[in-house]
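One-letter residues, chain by chain:
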Amino acid sequence: MKWSSPKDPPRLASELHSVDDVFEMVGTKGALNILIFIACSAVGLMTPMQVMSADFLGKSAPHWCAVQPLLDANWTAEQIRNFSSPDPTDDATCVMLDYNYSAAAELGYLAALDDLSLVPGGEGNVSCEALMFQEGVDSIVTEWALACDRLVYLSHTVAAAQAGIFIGSIFFGYFIDRAGRRVGMLIGVTLFVPCGLAVAASVNVYMYIAFRILVTMFGIGMYLAGFVLSMELCTTAQRSLVSSYFVIPWAVGYMATAAIAYGISRWRLLQVACTVPGIFVLCNICLIPESPRWLLKNGRYDDALSVFKKMAARNKRTLPNDDEMMAALMRVCPRETIKSEGCAVMPWLRKWVLPQFQVRTPIVFFCWLSVAMVYYGLSQGSANLGVDEYQFIFVGGALEIVSYIAIYPGVTWLGRRWFLCLSYAIAAVSIFGVMGMMLSGYDGSNGGLVFLSYSGKLMITASFHVLYMITGELFSTQLRTLMIGESSVCARIGSLSSPYINIMIGSKQRWAPAAFFGTFSMASAILSAFLPETREASLDGDVSKSTKDHPSGEGGQAGTTNPALNMIDETISTTF
């Protein structure tokens, strides 16, 4: 597939039959277009830093009971561990031997250890009243003792980022459809930085969780706006390439998190370092225009023409006079269409009432739920694999770049649907391989587990982005952002569950998380085969013509002339 259409761009207003034709006329490959794309995609640097830094902000450390009488007697931390722990070699001790520690403190460490009969008790274990941690680790775990009976709070801190993305997907999914793509991005970037700095200033775990929710909420808002805007500023022929490479900054941010954390060990400074780059992203907003497609759909022809004229001037293209261009824009996006799409309730009902949406909508939602659960489960599963978290996350980010580069030829040759099925299936097989090795007790010194985990990560990453692509193409302009937003909500249900699966369930059965992730991946591989192919679908058709009428996607150009579907669509429009 080439970057642009092989035909010559239109030169006359009478040759404009779609918004894609207008983009061809004004030019889509100039320096301005490239700068706009870079500015839009740069927002992807920030959110992964906030999400993936959870492994380093919440880094665990060996811990044991803090015994107050022994602390008062100036025993060292190692002496307290050796004397009070049932197993001093255990790095995660939540109980202590039931000694009379006041008597032990009076005797002193050497005397008490030399003759334990002098210390009353010792027959059973009791839970720790407080914890002490090995020195050298500065994290929210060591500062707020998020271990043992407070371990669930560590899961909450990881899930907080997903909760923020969940809320942001709901809010911004509607907001950027109403207020505009650029406005949504501007609000997200502007509020991202202060919320991120507030995380670093948190005085307790509750404040930390609250601002983690806010910073990721605004992070996903600017990401969604940037993705939709990038898709709407290119032609159909460019869509695969643009959407494939839009997410490379996400992978760069993913890798940068591990590199920054390797050099900054204090968690508050690390949070600041992962937030400050947002200031530079904010400076890029001045380069980004509002989406002409959104402006046209909202009847703002003058503003859309202004954007097209600026693009044409920078690309050294000559446009017909303003009157001819205005007439052409009103022809390709007439006011009658705008009026019929004006109600917020109608698009929401259409995706459930129209027959061609009754199958694809729940499938899309389930695929988003499973892909996010598996993606974040694998990305933040280094503890279950027993590997170095810095290396695991850095290599995971590098694999994302490989995955994104492979997406473009994959979706071009195989199409969106079959590439999605294949990537889900390979991910499932790899994850089940991880489970099998754990059950068998053989892990090849972790090499085999890591290889299979990386393989699953590579393919689930590809699945995640192709889902963005296929969701954006399955639904037309009046539903696109709404569907991507609601799909992201479903994804957050999955990603919210992943830290609890990894931390809480994984602490009981090491292989259990892989069983969850493999099962959901395989189910998605099967269900995605029932989605239509969207490779040649138009982005500007009416909702009933968003994709092919046949559920398999076969049978020609996207769109339908089925009178029954049109009647249903007209009935909904009239009612609401």
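Note that the coordinates shown come from a computational prediction; the quantities given were computed from them, not determined experimentally.

## With respect to the overall build of the protein chain
Counting its regular elements, the protein chain contains 29 helices and four strands. With 576 residues in all, the protein chain has 56% of them scored as buried. Nonlocal contacts in the protein chain, meaning residues at least 24 apart in sequence, comprise 79% of its contacts between residues at least 6 apart. Accessible surface, the protein chain as shown: approximately 22700 Å² in total, 63% of it carbon and sulfur.

## Describing the packing of aromatic side chains
Considering all chains together, one arrives at 24 aromatic pairs under this definition. Judged by centre distance (6.4 Å) and plane angle (80 degrees), the ring pair of Phe-172 and Phe-218 falls under edge-to-face. Highlighted residues: Phe-172 in helix 10 (residues 151–178) and Phe-218 in helix 12 (residues 205–232), separated in sequence by 46 residues. There is no split in this pair, since Phe-172 and Phe-218 are both buried. A network of ring pairs unites the aromatic residues Trp-75, Phe-83, Tyr-99, Tyr-101 and Tyr-109 as a single cluster. Of note, Arg-150 hangs over the ring of Tyr-153, and the distance from its end group to the ring centre comes to 5.0 Å.

## Some points on helix 19 (residues 322–332)
Listed as buried for helix 19 are Met-325, Met-326, Ala-328, Leu-329 and Val-332. Buried residues of helix 19, viewed axially, fall in a sector of 160 degrees; they line one side. Of the surrounding secondary structure, the elements contacted by the buried residues of helix 19 are helix 1 (19–26), helix 17 (292–297) and helix 18 (301–314). Between the side-chain oxygen of the N-cap and the backbone nitrogen of Asp-323 there are 3.1 Å, and the N-cap of helix 19 in question is Asn-321.

## Quick notes on the environment of Val-183
Tracing the backbone shows Val-183 in helix 11 (residues 181–200). It is 9.3 Å that separates the C-alpha atoms of Val-183 and Met-222, two residues lying 39 residues apart in sequence. Every residue in contact with Val-183, bar those within four places of it in the chain, is listed here: Phe-175 and Glu-290.

Scoring rules and cut-offs
Residues numbered from 1 in each chain as written. Predicted model: local features only at pLDDT ≥ 70, side-chain atom pairs only at ≥ 80, totals over all residues. Heavy atoms only, no water. Helix = DSSP H or I, 4+ residues; strand = E, 2+ residues; numbered from the N terminus. Buried < 20%, exposed > 50% of the residue type's maximum accessible area, 1.4 Å probe, protein only. Contact = heavy atoms within 4.5 Å. Areas by Shrake-Rupley, 256 points an atom, 1.4 Å probe, with all protein chains shown as cover. Phe/Tyr/Trp six-rings, centres within 6.5 Å; stacked < 30°, edge-to-face > 60°. Lys NZ or Arg CZ within 6 Å of the ring centre and 35° of its normal. Arc of directions from axis to C-beta. Polar contact = N/O pair within 3.5 Å; in protein donor to acceptor, adjacent residues only side chain to side chain.

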